[in-house]
Amino acid sequence: MSVCLLCDQTLESSIGWQDLIGIKKTINLCNDCSKQFERADIIEEGETIDKITSLYTYNEAMREFLHQYKFLQDIALAHVFAHDLKSVLNEKEVIIVPIPMHPAKKIERTFAHVDELLKAANIPFIHLLEKVSTEVMGEKSKEERLAMKPLFKIKPGIELNNQHYILIDDIYTTGTTLNQAAALLKEAGAKKVEAVTLIRAETMNQ
């Protein structure tokens, strides 16, 4: 018997033909919790990032989810959106690159939240970038972001091939983080760089 990862309500389960051939979606949320999340399904194309896909809007339910997952360190919640991420990251011949945490921030949080989202979805990934700044983009004006020093560097000993890379982050706010990461990958030899984020948040100072 399974329970909802957010409210602990018992989930109804039944065995059908999809279970027998291994394609049935794993249900982690009850209907009441699931319907509180609002799909965004935003797809945008650009120059630095060839395409960015965001799955959900940043509403109250998602704010509470992020707080419980990232700040209360409820790592089991990494499985809540595993099916959604798996369904959008189904391309072959791509290299999945999570946006890294600064080492000091990882010690504070105790786990790398983007890595755990990918692990829960059984999506292979590789770390090509290192975070060199602990600054938070959402707290800065556009002018402050433009004046910032680089957020990332390529990990020592890493050589990029002329391949297709997909950056993964939990939330898209100003776009600065993803654009800096994409620019760095392209400068290092990436043929194509896309991005996928679980959440899209609108900001007033873009």
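This write-up is about the structure you can find in this document.

Thresholds, definitions, all that
- Residues numbered from 1 in each chain as written.
- Predicted model: local features only at pLDDT ≥ 70, side-chain atom pairs only at ≥ 80, totals over all residues.
- Heavy atoms only, no water.
- Helix = DSSP H or I, 4+ residues; strand = E, 2+ residues; numbered from the N terminus.
- Buried < 20%, exposed > 50% of the residue type's maximum accessible area, 1.4 Å probe, protein only.
- Contact = heavy atoms within 4.5 Å.
- Salt bridge = Lys/Arg side-chain N within 4 Å of Asp/Glu carboxyl O.
- Pairing = 2+ DSSP bridges.
- Phe/Tyr/Trp six-rings, centres within 6.5 Å; stacked < 30°, edge-to-face > 60°.
- Lys, Arg positive; Asp, Glu negative; His and termini not counted.
- Polar contact = N/O pair within 3.5 Å; in protein donor to acceptor, adjacent residues only side chain to side chain.
- Axes fitted to C-alpha atoms, helices over the stretch in contact; angles between N-to-C directions.
- Expected span 1.5 Å × (residues − 1).

**Structural notes on the environment of Ser-133**
Structurally, Ser-133 can be placed in the loop between strand E4 (129–131) and helix H7 (142–146). Residue Ser-133 is classed as buried on the basis of its relative accessible area, which comes to 10%. In sequence terms Ser-133 and Pro-150 are 17 residues apart; their C-alpha atoms lie 7.7 Å from each other. Apart from the residues within four sequence positions on either side, Ser-133 is in contact with His-102, Pro-150 and Leu-151.

**Some words on the pattern of salt bridges**
Here the structure, examined in full by the defined rule, presents 11 salt bridges. Its salt-bridge partner being Glu-116, residue Lys-119 comes within 3.3 Å of it at the nearest N-O pair. Of this pair, Lys-119 and Glu-116 both sit in helix H6 (residues 113–120), 3 residues apart, which is roughly one turn of that helix. Lys-119 sits in the partly exposed class, given a relative accessible area of 46%. The residue Lys-192 makes a salt bridge to Glu-194 at a minimum N-O spacing of 3.2 Å. Glu-194 sits in the buried class, given a relative accessible area of 6%.

**A few points about the pairing of strand E3 (residues 94–98)**
Summarising burial for E3: 4 of the 5 residues are buried, a large majority. Taken together, the 5 bridges between E3 and strand E6 (residues 164–172) define a ladder with parallel strand orientation. Residue pairing for E6: Val-97 is matched across the bridge by Leu-167.

**Some thoughts on the packing of aromatic side chains**
Enumeration according to the criterion identifies 7 aromatic pairs in this entry. With centroids separated by 5.7 Å and ring planes inclined at 20 degrees, the aromatic side chains of Phe-65 and Tyr-69 adopt a geometry described as stacked. Placement of both Phe-65 and Tyr-69 in helix H3 (residues 60–71) is noted, with a separation of 4 residues, approximately one turn of the helix. Looking at Phe-65, the relative accessible area reads 2%, which means it is buried.

**What about the side chain of Lys-131?**
Mapped onto the elements of the fold, Lys-131 is located in strand E4. Buried within the structure, Lys-131 lacks any salt-bridge partner; Asp-169 is the closest side chain of opposite charge, at an N-O distance of 7.8 Å. Polar contacts involving the side chain of Lys-131 include one to the main-chain carbonyl oxygen of Ser-133, which spans 3.5 Å. When residues no more than four places from it in sequence are discounted, the contact partners of Lys-131 are Pro-100, Met-101, His-102, Pro-103, Leu-151 and Phe-152.

**Points about the sheet that holds E3**
Strand order in this open sheet of 5 strands is E1-E2-E7-E6-E3, and the pairing throughout is mixed. Looking at the sheet topology across the chains shown, the edges are occupied by strand E1 (39–45) and E3. Between one strand and the next, the sheet's axes are offset by a mean angle of 20 degrees, whatever the strand orientation. Contacts from H6 reach E3 and E6, with the element oriented near 115 degrees to E6.

**Focus on helix H8 (residues 176–187)**
Over its 12 residues, H8 runs 16 Å from end to end, which matches the ideal 16 Å to within 8%, given 1.5 Å per residue. Taken as a whole, H8 has its buried residues at Thr-176, Thr-177, Leu-178, Ala-181, Ala-182, Leu-184 and Leu-185. The first or second residue beyond H8 is Gly-189, which carries a positive phi of 120 degrees.

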